[in-house]
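Overview (structure and organization)
Now for the letters of each chain:
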Amino acid sequence: MEGSELDSENQPGTSAEADLYLNGSRNGRAEEFEDDEEEVQMSSQEVLEALQRAWINEKFAPDVLPYEEALVEMVMIQLVHMEENLATANKNDLLYIVHRMEVERIRFIVASYLRCRLQKLETYASHVLEVESSRPRNLKRLSEAEQKFTRDFHDSVETHFHELVTRHMPQNHQDDERARRVVPNMNTHVFARARQDVGEYSLAGGEHSVNIRYRCGTFVPIPRY
């Protein structure tokens, strides 16, 4: 089961207009992009909150989750505008320091989100490539850059492993690539924080359920089945 902040429904997320203080403004023009043929409007604050949720989910999910390309692109575009605004601001102003700290905080979230994904791709390269190749085009979880990175990393490791070890092994053991493959533990436990009262939440295909209620700042354990 993948870790997430639970809501009453599972909700997925391009042009962007940056606010100087991204974390505090809801007065700017809303972001607009298409998702499943529906036009979705998001303020700068909502975009950042969505990216934070994607970051937390990625950290606690055992497998690689779908890449939130639209969110990352919007935040990066906004960061560029924020940097441009800061370049002309008075560096002795207290607001400049606050805004600069906010920019660095957002950069950290983006970098940490991407690092989490890269760590999984390196650890489970063979598994990820095999599963990704079996998914329909519209359900791919990796970006094109991630797909290329994973393929290159996997080929490099296999070549190195072959030159160092495999070619010196008996012929009948040289093709045991699947035996040494590392796969994510999909049965690991997770902790989830409800953003609102959810009520009975089905687990394990409806065989079990847990009553999830909103508790400010509290994480509730989700049983492993």
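Okay, so let's go over this structure.

The rules behind each value
Residues numbered from 1 in each chain as written. Predicted model: local features only at pLDDT ≥ 70, side-chain atom pairs only at ≥ 80, totals over all residues. Heavy atoms only, no water. Helix = DSSP H or I, 4+ residues; strand = E, 2+ residues; numbered from the N terminus. Buried < 20%, exposed > 50% of the residue type's maximum accessible area, 1.4 Å probe, protein only. Areas by Shrake-Rupley, 256 points an atom, 1.4 Å probe, with all protein chains shown as cover. Phe/Tyr/Trp six-rings, centres within 6.5 Å; stacked < 30°, edge-to-face > 60°. Core = buried A, V, L, I, M, F, W, Y, C linked by side-chain atoms within 4.5 Å. Contact = heavy atoms within 4.5 Å. Axes fitted to C-alpha atoms, helices over the stretch in contact; angles between N-to-C directions. Parallel < 35°, antiparallel > 145°, perpendicular 65-115°, else oblique. Left-handed = near helix turned anticlockwise from the far one by under 90°. Nonpolar A, V, L, I, M, F, W, Y, C, P; charged D, E, K, R; others polar.

Regarding the overall build of the protein
The helix and strand inventory of the protein stands at five helices and six strands. What you see in the protein, going N to C, is helices and strands ordered as β-β-α-α-α-α-α-β-β-β-β. Across the 225 residues of the protein, 33% fall into the buried class. Accessible surface computed for the protein: about 14200 Å², of which carbon and sulfur atoms make up 50%.

Some words on the packing of aromatic side chains
Within this structure, the stated rule accounts for three aromatic pairs. Their ring planes at 85° and their centres at 6.0 Å tell us that W55 and F108 sit as a pair that is edge-to-face. Here the residue W55 occupies a position in helix 1 (residues 44-60), and F108 occupies one in helix 3 (residues 94-123), the gap between them amounting to 53 residues. Judged by relative accessible area, which is 45%, F108 ranks as partly exposed.

Details of the nonpolar core
Where a protein is soluble and globular, its nonpolar side chains tend to be buried together. Judged by nonpolar contacts, the single largest core of 20 residues is most densely connected at V47, L51, L71, V75, L79, I106 and Y113. The set of elements that each furnish at least two residues to this core consists of helix 1, helix 2 (69-87) and helix 3. The biggest single contributor to this core is helix 2, with seven residues. When neighbours within four sequence positions are excluded, L71 is seen to be in contact with M42, V47, A50 and L51.

Digging into the packing of helix 2 against helix 3
The N-to-C vectors of helix 2 and helix 3 enclose an angle of 155°; their axes lie 11 Å apart at closest approach. In this view, helix 2 runs roughly antiparallel relative to helix 3, as classed from their interaxial angle. When you trace helix 2 past helix 3, the crossing you get is left-handed. Facing helix 2, whose interface residues are V72, V75, M76, L79, M82, E83 and L86, helix 3 presents Y96, H99, R100, V103, I106, R107, V110 and Y113. Class assignment of the residues belonging to the contact of helix 2 with helix 3 gives a composition of eleven nonpolar, one polar and three charged.

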